[in-house]
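# Understanding the architecture of this molecule
The residues making up each chain are set out below.
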Amino acid sequence: MNIVYSPCPNDTFVFHALVHGQIANTPDFTVTYADIDVTNTLVTKPSDYDILKISYAALPWLSDEYRLIPCGGALGRGNGPLVLTAHQNTSPEDLAGKRIAVPSERSTAYLLFRLWAAQNVPDGIGEIVVMPFDQIMPAVRDGKVDAGLVIHEARFTYPSYGLTLMADMGTWWEADTKLPIPLGAIVARRSLDPAEITAWIQASIDYGWKHPEQSREYILSHAQEMDPAVAQQHINLYVNEFTRNLGEEGFGAIEALLGRAAGEGLVPEMDFEKLRS
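The written sequence of each chain sets the order in which its residues are numbered from 1. Local features are withheld for residues below a pLDDT of 70 in this predicted model, meaning they are given only at 70 or higher, and side-chain atom pairs are given and counted only at 80 or more; totals for whole chains, interfaces and linings count all residues. To get the side-chain values, take all heavy atoms of the structure and skip hydrogens and water.

Pairing geometry for strand 1 (residues 2-5) and strand 2 (residues 30-33), over four bridges, is parallel. Residue pairing for strand 2: isoleucine 3 is matched across the bridge by valine 31. Crossovers are marked right-handed if the path from the first strand over the helix to the second runs clockwise, as seen with the strands pointing away from the viewer. Helix and strand labels come from DSSP, where a helix needs a run of H or I of at least four residues and a strand needs a run of E of at least two; each type is numbered from the N terminus. Handedness of the strand 1-helix 1 (residues 9-19)-strand 2 crossover: right-handed. Think of it this way: DSSP has to see at least two bridges between two strands before they count as a pair. Taken together, the two bridges between strand 1 and strand 3 (residues 51-55) define a ladder with parallel strand orientation. In the sheet register, valine 4 faces strand 3, and the bridge partner there is leucine 52.

Encoded structure:
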């Protein structure tokens, strides 16, 4: 079975047991590691992949071949994307007409940023520049862009690039909606049994929580940031109760994000009943 997810610590933690034969009665997996901007495009049409990690923001473009799996993703509080600049004492108004680097235009980070900017940058953003997430902080530091929207372990490492936090999209979203942030989703081919895949992933998460030492080498071998303490911070932040089960609050957060984004013309309108089927 073909599976694709990012090399980030939360994904490698979640899937370590599953793809290393630790979960009974599962097939062999062929793993591909890809940036989420790549996987967000893969699910818009039939592909060779059976299970994929994508952004929740990509769900409105999801091919009829795939369905959302209610576990394995990243959704929570205190883990939102950050807007960074290379200068002290900047304000949202300073972003008017400026070049902003983002990791994907079909990412939750991007939707949150655009919804935030609609409220806080009245004169509008200038140019959006899409680049791999690990290149954004160097680009901001070197003056290639005026600000950057960052995700993943950049939350912990941006001070080492001499960058300044302008705004935390998670803090804004949670204050505005009282809901967690839907970041990364797991989708699977509709021809597969969703209950079986859910059980596999939940078992893999449970195994990882019970035996954290077994996945450590695998996680660090793929992480952008090799500091074990940073990798563990990443896992602690992004792997939580919503990773194991979205629940009603998780689905409510997804519907709030995509509903607001559709209202701003950022994504197509979506049938939320289909999301749960």
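Turning to its location among the elements, arginine 67 is positioned in strand 4 (residues 66-76). With no salt bridge to any partner, buried arginine 67 finds its closest opposite charge in aspartate 193, at an N-O distance of 7.4 Å. Definition of a polar contact: a pair of N or O atoms within 3.5 Å, with one able to donate and the other able to accept a hydrogen when the atoms are protein atoms, and with sequence-neighbouring residues admitted only if both atoms are side-chain atoms. A distance of 3.2 Å separates a polar atom in the side chain of arginine 67 from the backbone oxygen of arginine 190. Any two residues whose heavy atoms approach within 4.5 Å at even a single point are treated as in contact. Arginine 67 has contacts with Leu62, Ile186, Val187, Ala188, Arg190, Leu192, Pro194 and Ser277, leaving out every residue within four places of it along the chain. For the exposure calls, accessible area comes from a 1.4 Å probe over protein chains only, and a residue counts as buried if that area is under 20% of its type's maximum, exposed if over 50%, partly exposed in between. The charge count treats Lys and Arg as positive and Asp and Glu as negative. His and the chain ends do not count. One side-chain nitrogen of Lys or Arg within 4 Å of one carboxyl oxygen of Asp or Glu is enough to make a salt bridge.

A word on the packing of helix 3 (residues 108-120) against helix 11 (residues 247-263). Here, axes are lines fitted to C-alpha atoms. For helices the fit covers the stretch in contact, and angles between N-to-C directions go from 0 to 180 degrees. The contact between helix 3 and helix 11 brings their axes to 10 Å, and the two run at 55°. Of the possible angle classes, the one that applies to helix 3 and helix 11 is oblique. Regarding helix 3 and helix 11, the two cross each other, and that crossing is left-handed. Counting all contacts with helix 3, which are made through Thr108, Leu111, Leu112 and Leu115, the residues of helix 11 involved are Leu257, Leu258, Arg260 and Ala261. Polar here means any residue other than Ala, Val, Leu, Ile, Met, Phe, Trp, Tyr, Cys and Pro, which are nonpolar, and Asp, Glu, Lys and Arg, which are charged; Gly is therefore polar. Along the lines of polarity and charge, the residues of the contact of helix 3 with helix 11 split into six nonpolar, one polar and one charged. Geometric relationships in this document are graded by angle, where less than 35 degrees denotes roughly parallel, more than 145 denotes roughly antiparallel, 65 to 115 denotes roughly perpendicular, and other angles denote oblique. Helix crossings fall into two classes, left-handed where the near helix is turned counterclockwise from the far one by less than a right angle and right-handed where it is turned clockwise.

This paragraph deals with the sheet that holds strand 3. The five strands are arranged 2-1-3-10-4 in an open sheet whose pairing can be described as mixed. Whereas interior strands pair on both sides, the edge strands pair on one side only; in this sheet they are strand 2 and strand 4. Averaged over all adjacent pairs, the angle separating strand axes in this sheet is 25°, with direction ignored. Summarising the sheet, strand 4 and strand 10 (residues 181-189) pair through seven bridges and their orientation is antiparallel. Bridging from a neighbouring strand, glycine 76 pairs with isoleucine 181 of strand 10.

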